[in-house]
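# Observations on chain architecture
Each chain, letter by letter, is given below.
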Amino acid sequence: WRGQEGAPYSTLVPSDEVTINYRHGLPVITLMLPTRGERCQFTVKPIVTTVGAFLQDVQREDKGIERAEVFATDGTKVSDATLMEILLMNDFKLVINNTEYSVSPPVKDKLSSEHATEMEDIKSLVHRLFVALHLEDHQIRKERELLQKLDHLKGELLPLEQMKARIMESADAKTSRLLWVGLALMSTQGGALAWLTWWVYSWDIMEPVTYFITYGSAMAFYAYFVLTKQDYIYPQAKDRQFLHYFHRKSKKQRFNVERYNKLKDDLAETEESLRRLRQPLHLRLPIQEINDKN
């Protein structure tokens, strides 16, 4: 059998040359150092130690070791980034210089419940330490990302806000003119009816005319309800007409209302995320420091 570089390895060394046992919940790997000719023990922290780190420890212990590699039983090389916890789940081959050791880790099921509990406690402790040491850095990076996103959204919204302000001003002016035109028409209608009643015709003639005018107005209000499913209430009618003018003007000036609303929603969401991130209980900083950063 040959290694990756084609150099032949010697015959497999019996597995008892490399032994693994557990002490206080941690695996202890015992092997023979080829140059020094003595057995050496290496205590491994499987959930944080990688295969590469373990091999470096072995080479540091014996300066005469030029090559140290780990292979699976099928001859596949194990990456240096692999955690020892994963490596110790199955049998593997340890190659030191030109000597190959067959290693059989103890089955986890044979470990005592006390050792298993200790391992779980160690994993939990390491996780809590990692969170405590890296949480603040993570929050600062997240705050920087949110601030950059906030600036980007504001930059995209600025021209849209300016265009929207112009469109709203134009739509509001048209709506106001329409209201004044309606008032003028109603005043003209009232004056015409009064002139026809008192100077041209009598009330007996004009009474049916005013009746049908009133009935026609009721029909117009009912038609408004049929078309809009809303009562003809002046504030709502004014807002509806304003939106009509606004969207018509937006199409003419190519103002993308959907994109504007999407940017506004993203901006509000980003500001809310930034506000929650800057809360003292989440950031774990004094209130004075947060006020200074703001």
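Attention in this report is confined to the structure presented alongside it. All figures in this text were calculated on a predicted structure; none of them were measured in a lab. (Residues numbered from 1 in each chain as written. Predicted model: local features only at pLDDT ≥ 70, side-chain atom pairs only at ≥ 80, totals over all residues. Heavy atoms only, no water.)

## Points about the nonpolar core
One finds Ile-29, Leu-31, Phe-54, Val-70, Phe-92 and Leu-94 to be the most contacted residues of the largest nonpolar core, which totals 25 residues. Going through the elements one at a time, strand 1 (19–23), strand 2 (26–33), strand 3 (38–43), helix 1 (51–61), strand 4 (68–72), helix 2 (84–87), strand 5 (92–96) and strand 6 (99–103) are the ones with two or more residues in this core. No other element matches the four residues that helix 1 contributes to this core. Not counting residues within four places of it along the chain, the set of residues in contact with Phe-92 comprises Ile-20, Val-70, Phe-71, Thr-73, Leu-87, Tyr-101, Ser-102, Val-103 and Pro-105. Ranked by size, the runner-up nonpolar core spans 17 residues in total, among them Leu-146, Met-163, Tyr-245 and Phe-246. (Core = buried A, V, L, I, M, F, W, Y, C linked by side-chain atoms within 4.5 Å. Buried < 20%, exposed > 50% of the residue type's maximum accessible area, 1.4 Å probe, protein only. Helix = DSSP H or I, 4+ residues; strand = E, 2+ residues; numbered from the N terminus. Contact = heavy atoms within 4.5 Å.)

## A closer look at the packing of aromatic side chains
The tally for this structure, following the rule as stated, stands at four aromatic pairs. Here Phe-42 and Phe-54 contribute two aromatic rings whose centre-to-centre distance is 6.0 Å and whose plane-to-plane angle is 85 degrees, an arrangement assigned as edge-to-face. Of the two residues, Phe-42 sits in strand 3 while Phe-54 sits in helix 1, which places them twelve residues apart along the sequence. The same class applies to Phe-42 and to Phe-54, which are both buried. Members of the aromatic cluster, each reached through a chain of ring pairs, are Tyr-211, Phe-212 and Tyr-215. (Phe/Tyr/Trp six-rings, centres within 6.5 Å; stacked < 30°, edge-to-face > 60°.)

## Points about a nonpolar patch on the surface
Together, Trp-195, Trp-198, Trp-199, Val-200, Tyr-201 and Ile-205 line one region of the surface with nonpolar side chains, adding up to about 780 Å² of accessible area. Here the nonpolar patch gets four residues from one element, more than from any other, and that element is helix 3 (residues 113–200). Within the fold, Trp-199 resides in helix 3. Overall, Trp-199 belongs to the exposed group, its relative accessible area being 65%. (Patch = residues over 30% accessible without salt bridge, like charges linked within 9 Å, V, L, I, M, F, W, Y side chains within 5 Å. Areas by Shrake-Rupley, 256 points an atom, 1.4 Å probe, with all protein chains shown as cover. Salt bridge = Lys/Arg side-chain N within 4 Å of Asp/Glu carboxyl O.)

## Some details on unusual backbone geometry
One non-glycine residue, Asn-97, lies in positive phi territory at about 55 degrees. Here Asn-97 shows up in the loop between strand 5 and strand 6. Note on Asn-97: relative accessible area 23%, which makes it partly exposed.

## A look at the pattern of salt bridges
Under the counting rule described, the total for this entry stands at nine salt bridges. Here Arg-60 and Asp-57 are joined by a salt bridge, their closest N and O atoms 2.2 Å apart. In this pair, Arg-60 and Asp-57 both sit in helix 1, three residues apart, roughly one turn of the helix. Relative accessible area serves as the criterion here: at 31%, Asp-57 is assigned to the partly exposed category. Residue Arg-276 is joined to Glu-272 by a salt bridge in which the shortest nitrogen-to-oxygen separation is 3.7 Å. Placement of the pair is Arg-276 and Glu-272 together in helix 6 (residues 257–277), with a separation of four residues, close to one helical turn. Residues participating in the shared-partner salt-bridge network are Glu-272, Arg-275 and Arg-276.

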